[in-house]
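Observations on the model geometry
Here is how the chains run, residue by residue.
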Amino acid sequence: MFQNAKYIKGLTDIKDQPDSRPIVLLLGRSNVGKSSFINSITNRKNLARTSQTPGKTVVLNYYLIDDTFYLVDAPGYGYAKRSKTDQDNFVIMLENILMNASNLKLVCLLIDFKVGPTTLDLETCEFVKSLGHTPIVIATKLDKIPKTKQYKQMKDIKMKFHDKIDIYAISNLEKQGLDDIRIRIMEGFK
């Protein structure tokens, strides 16, 4: 599963999409590990560039997976120092893809497992739902919490989201939980 992956292009408007294949949108804070997640789920070391400086992504980056669908990495929110104009452009870009991309099949909201959902994460989840999509939550950095405390942390995360939303905990480092995400993504195309 997910044998072939390649970067296609970055864009700011969905009218410039490469084609109409299904898309899976990745949202999350600037330092949550979206690039590492892309590299892990595609089993590639440097498909998505990781950086020590959060907030480097400023466009929608399209990655073609198995010639079947696109993983679309959106700019991160929250941590990076961005101008008001850049922040406004990000919201417009996000609204545009959520409201107008008929090929959008799944929205994944990445959060930090150790930190739990921040106020911005919860607001983003509500924003996505207000536009007609129910995201799945992918809690990254599972390995940062001792195994004896993981159950309690997952319970706390579920409580903060209040409603029935699918939550997956993963470790990019230990490759834990990635198969569940791959299966969930493929189920979205049936």
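Computed from a prediction, not measured in an experiment: that's the story for all the values here. (Residues numbered from 1 in each chain as written. Predicted model: local features only at pLDDT ≥ 70, side-chain atom pairs only at ≥ 80, totals over all residues. Heavy atoms only, no water.)

So, the pairing of strand S3 (residues 60–65)
Summarising burial for S3: six of the six residues are buried, a large majority. Neither face of S3 is exposed, since Leu60, Tyr62 and Leu64 on one face and Asn61, Tyr63 and Ile65 on the opposite face are all buried. With six bridges connecting them, strand S1 (residues 5–11) and S3 associate as antiparallel partners. Each bridged residue has a counterpart across the sheet, and for Tyr7 the counterpart in S3 is Tyr63. Pairing between S3 and strand S4 (residues 69–73): five bridges, direction antiparallel. When the sheet's bridge partners are listed, Tyr63 is paired in S4 with Leu71. Linking S3 to S4, which pair antiparallel, is a turn of three residues; within it Asp66 sits at a positive phi near 50°. (Buried < 20%, exposed > 50% of the residue type's maximum accessible area, 1.4 Å probe, protein only. Helix = DSSP H or I, 4+ residues; strand = E, 2+ residues; numbered from the N terminus. Pairing = 2+ DSSP bridges.)

Considerations on the packing of helix H1 (residues 34–41) against helix H5 (residues 178–187)
Two elements in contact, H1 and H5, have axes whose closest approach is 10 Å; the angle formed by their N-to-C orientations is 85°. Our classification of the angle between H1 and H5 gives roughly perpendicular. Contacts between H1 and H5 involve Phe37, Ser40 and Ile41 from the former and Leu178, Ile181, Arg182 and Ile185 from the latter. Considering only residue class, the contact of H1 with H5 consists of five nonpolar, one polar and one charged. (Axes fitted to C-alpha atoms, helices over the stretch in contact; angles between N-to-C directions. Parallel < 35°, antiparallel > 145°, perpendicular 65-115°, else oblique. Contact = heavy atoms within 4.5 Å. Nonpolar A, V, L, I, M, F, W, Y, C, P; charged D, E, K, R; others polar.)

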